[in-house]
Amino acid sequence: MPPTLFHINGWNHSRTTGLIRAHLCVAIGLCSSQSTTIKPPATPSCSAGLNGQQYIQMTIKTNKSLKGAENESATIKERNPAADEDAANEIEETEQVAKPNAADDPVFAVYGEPFITNAKGTVHLNERAVAVKCATENRVKYDPTRKLYQRFDQGLGLWPTVHEVEVRRLLGDLLLRLGKEWHQEEFVQRNKTSQFNSLCKMVQPYQVNVATEDTTAQVHVVNGVVNLLGKTPKLMPHDAKYPFKSSPGIQYDPKAKCPKFLKQLLGAALAADDIALVHKYCGSMLLGPNTCHGILVIRGTAGGGKSTVISIVEKVLGEENVAHLRTKHLTGRFETSAFIGKRVLVG
């Protein structure tokens, strides 16, 4: 059968109605087996004609292009799941390779990995390992007598008291870091307040393990620790082994002199023997315990410098190491508890 040819006369190129009619006519012609000439209704502006064979060839070519694009799209869609699976396997393999080795960490080598996964794939936090890691890295310890947390400050050389909120923050920062290192970010983000409460309590018995040195005859100063055990004072560097909680804030200078204190304050009111006694008693305060089991009574006229001497002693020892005796309140329930850890009792 010869190919069916179509000739459309009178197609108006400038009007949408004529274009729609032309499409309808071609569609009808495709279903016919005879040569047919289809004429759309004449319009006032119909003056041009379109070769039906050219139109059909162009339409078929376009349809083939669209069909080829659909097949290519389907092929890509069929190939994507396998590519995604391969990419996922590569990511999983990379994560397994990048996972830290617990044996390389001195804390986790003893207490185990920070995240434990059971046979069902459920992840649990190794609270003891995380608590020890936090206490070790941040030098945190717990004072059971005062029920307070302490953290060593290397710059000050002190163990100042820190609030439990600060300990929680340290634990939170550590968990975020461990979550990234051990690929458990999602698990860490689900941690609740109860988890941090449990971790804070776990820090108490598993505090940082630091060898503590007795502070008897040791005085904390800004530029180090003065050791008074020898014949002459010796300046030592700050170290966590000294459990100092406060400091008088004095810069130690072995060449410094105090002429005003000796001549104008003590020399104007005391004899040479009494000045020597004041030196020895104040020196015993620096040593720590009251080995002589004695008290120093200062008597004098009004404005004679008694309070000035006491204020200087308090500044040298550190006001945090001084308590004040209030005889009217000694029978109170909590009065004597303020004397714990103090070196001097002034009253």
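Note: the structure precedes this text.
Below you will find a few notes about this structure. Source: prediction; values computed, not measured.

Basis of the calculations
Residues numbered from 1 in each chain as written. Predicted model: local features only at pLDDT ≥ 70, side-chain atom pairs only at ≥ 80, totals over all residues. Heavy atoms only, no water. Pairing = 2+ DSSP bridges. Helix = DSSP H or I, 4+ residues; strand = E, 2+ residues; numbered from the N terminus. 1 Å grid on protein atoms, 1.4 Å probe; cavity = no way out; pocket = protein on both sides within 12 Å on 5 of 7 lines; lining within 4 Å. Points joined across faces, edges and corners; volume = space filled by probe spheres on them. Nonpolar A, V, L, I, M, F, W, Y, C, P; charged D, E, K, R; others polar. Phe/Tyr/Trp six-rings, centres within 6.5 Å; stacked < 30°, edge-to-face > 60°. Buried < 20%, exposed > 50% of the residue type's maximum accessible area, 1.4 Å probe, protein only. Lys NZ or Arg CZ within 6 Å of the ring centre and 35° of its normal.

### Focus on the pairing of strand S7 (residues 148-151)
And then number 1: Judged from the four bridges that link them, strand S6 (residues 140-143) and S7 form a sheet pairing that is antiparallel. Residue pairing across strands places Asp143 opposite Leu148, the latter belonging to S7.
And then number 2: Counted between consecutive antiparallel strands, the loop separating S6 from S7 contains four residues, among which Lys147 sits at a positive phi close to 55°.

### Concerning the layout of surface pockets
And then number 1: Taken as a whole, the largest pocket holds about 1,200 Å³ of empty space.
And then number 2: Those elements that place two or more of their residues in the lining of the largest pocket are strand S9 (218-221), helix H8 (259-266), helix H9 (272-287) and helix H10 (306-317).
And then number 3: Looking at the lining of the largest pocket element by element, the count peaks at six residues for H9.
And then number 4: For the lining of the largest pocket, the class distribution of residues is 21 nonpolar, six polar and three charged.

### A look at the packing of aromatic side chains
The geometry of an aromatic ring pair is captured by two quantities: the separation of the ring centres and the angle between the planes.
And then number 1: Tallied over the full model, the rule gives six aromatic pairs.
And then number 2: Taking the centre distance of 6.1 Å and the plane angle of 85° together, the rings of Tyr111 and Tyr206 count as edge-to-face. With Tyr111 in helix H3 (residues 108-111) and Tyr206 in the loop between helix H7 (193-203) and S9, this pair connects stretches of sequence that are 95 residues apart.
And then number 3: Judged by its relative accessible area of 27%, Tyr206 falls in the partly exposed class.
And then number 4: Taking the ring centre of Phe108 as reference, the NZ or CZ of Lys133 above it sits at 5.4 Å.
And then number 5: The ring centre of Trp159 lies 4.1 Å from the NZ or CZ of Lys141, which sits over that ring.

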